[in-house]
Structure formats: C-alpha cells, structure tokens
Amino acid sequence: GAGVSQSPSNKVTEKGKDVELRCDPISGHTALYWYRQSLGQGLEFLIYFQGNSAPDKSGLPSDRFSAERTGGSVSTLTIQRTQQEDSAVYLCASSSKTVSYEQYFGPGTRLTVT
Amino acid sequence: EDQVTQSPEALRLQEGESSSLNCSYTVSGLRGLFWYRQDPGKGPEFLFTLYSAGEEKEKERLKATLTKKESFLHITAPKPEDSATYLCAVFGQGGSEKLVFGKGTKLTVNP
C-alpha cells in the first residue's frame, strides 16, 4: 500500500521567506508527527497530531513554526521568516495507534535556507 | 527527561563479521523501544518494536534484544547491503506522544 508521502522533496529558499511543507500520511492513520533532522543531530520532535488536534506542540522551536492538519489527513508545516538555522530535513511520520505504536516515516523534505 | 545514547557512533565490518550495536536508554515508563534503519537521503525505515525486558525479535540477519536499561541490535554475517545508519528510539509514559531518538550508529559493511 501507499506509504507516507511528503512534498516538495527539496526546497531552497532565501532567508526571510515563508515556506510550506506538506505531508500525506498513510490512509487511516489517525496520528501524525513532524520531526526535524539536522546534520550531526538526532531526529528532533516538533509536533504531534491526533486527528486534527495538536495535543503536543512542545517541540516547535519558535513562534515562526506552525502546523495544521485538515480532514484528519494532510498536514502542512509552515515556517515563517526562515533563518539559516532552519536548514534541515523535515520528516513526517504517521501511526495507527489503535494497532501499535510504530511510526512510519516519509522520505522527508530537505530545506535549505540561503 | 527521556534519553537515548547509541554506541558506537560508527562501525566498520567486513562482510560476514558479526557484531552488535548498543542503545542505552532512560525513560519514565517504557511503552516501546524502536529500531529503525535509515539509508542516505531517505526517511527511517521501521525494523522492530520491543515492549518489555527479555523480549527478542528477529528479521533476516538482524536480532533485537531488550533489557531494562539497554537494547542491542545483533547483526549476524552482515552483507554490504546492510550498510546504513541504525536508529534507536524510545516511547515513554511521560505524557508526551513523541519518540525520543538516539543519534544513530553508522554501519559500513565492506565486501
């Protein structure tokens, strides 16, 4: 079956611009997660959705970062006024939770801020 | 705060040379320990979930084990295609739904 998909796969933007990253989870998965992976760092949790609600936003690094999920499916991560330190791979994962805790990851979006 | 430490950071093996990767963790109530494989330029690929001490799971040349403080990923007679970064993550009962990841072990298997 189809896995988690993310778009775009690569994004280059200028400092100060806004960017939107999209995630399409596995069909039927109610839980959706965003993580960030920087060079030399482990995966860093950003935000968790259960349905359309975000009960855990504790990982968002600043108020420039926001995310939403609509229809219990697609999610968008928005970064406003991008900074060079935002350059990283942004990964989305989804989970059924009712079956198990395993999270299944998409291929990621590589964001480069110049 | 939940923490995961993986060792070694990098490991080079000859094809057929068995070894183990370590994942040490501290967590407030373990709900699950996960192993993932990550190839360059790709997202992590799920390998195993372990839920309680003493549990073991196997898949091809890989075997994961769990104690109350650490997990091991044993690789038996590895092949070059096993080369990847192996990530360990924990899911705790601390009120958050996030996975806490280690920094990974980069495995290289030479032919």
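Above this text you will find the structure in question.
Attention in this report is confined to the structure presented alongside it.

Scoring rules and cut-offs
- Residues numbered from 1 in each chain as written.
- Chains lettered and ligands numbered in written order.
- Predicted model: local features only at pLDDT ≥ 70, side-chain atom pairs only at ≥ 80, totals over all residues.
- Heavy atoms only, no water.
- Core = buried A, V, L, I, M, F, W, Y, C linked by side-chain atoms within 4.5 Å.
- Buried < 20%, exposed > 50% of the residue type's maximum accessible area, 1.4 Å probe, protein only.
- Helix = DSSP H or I, 4+ residues; strand = E, 2+ residues; numbered from the N terminus.
- Phe/Tyr/Trp six-rings, centres within 6.5 Å; stacked < 30°, edge-to-face > 60°.

Moving on, we come to the nonpolar core. All names here are of chain B. Ranked by internal contacts, the top residues of the largest apolar core, which has 23 residues, are Leu 33, Trp 35, Leu 73 and Tyr 86. Elements supplying a minimum of two residues to this core: strand S2 (10–14), strand S3 (19–26), strand S4 (30–38), strand S5 (45–50), strand S7 (62–66), strand S8 (70–75), strand S9 (84–92) and strand S11 (105–110). When residues of this core are assigned to their parent elements, the largest contribution, four residues, is made by S9.

Our focus in this paragraph is the packing of aromatic side chains. Applying the stated criterion to the full structure yields twelve aromatic pairs over all chains. Seen in terms of ring centroids, Tyr 35 of chain A and Phe 105 of chain A are 5.5 Å apart; in terms of plane orientation they differ by 45 degrees. Their pairing is tilted. With Tyr 35 of chain A in strand S4 (residues 31–37) and Phe 105 of chain A in strand S10 (residues 104–105), the pair connects residues that are 70 residues apart, well separated along the chain. For Tyr 35 of chain A, a relative accessible area of 0% puts it in the buried group. Here the aromatic rings of Phe 105 of chain A and Tyr 36 of chain B are separated by 5.4 Å at their centres, their planes lie at 90 degrees, and the arrangement is edge-to-face. With Phe 105 of chain A in strand S10 and Tyr 36 of chain B in strand S4, this pair bridges two chains.

On their own, these measurements won't tell you what the molecule is for.
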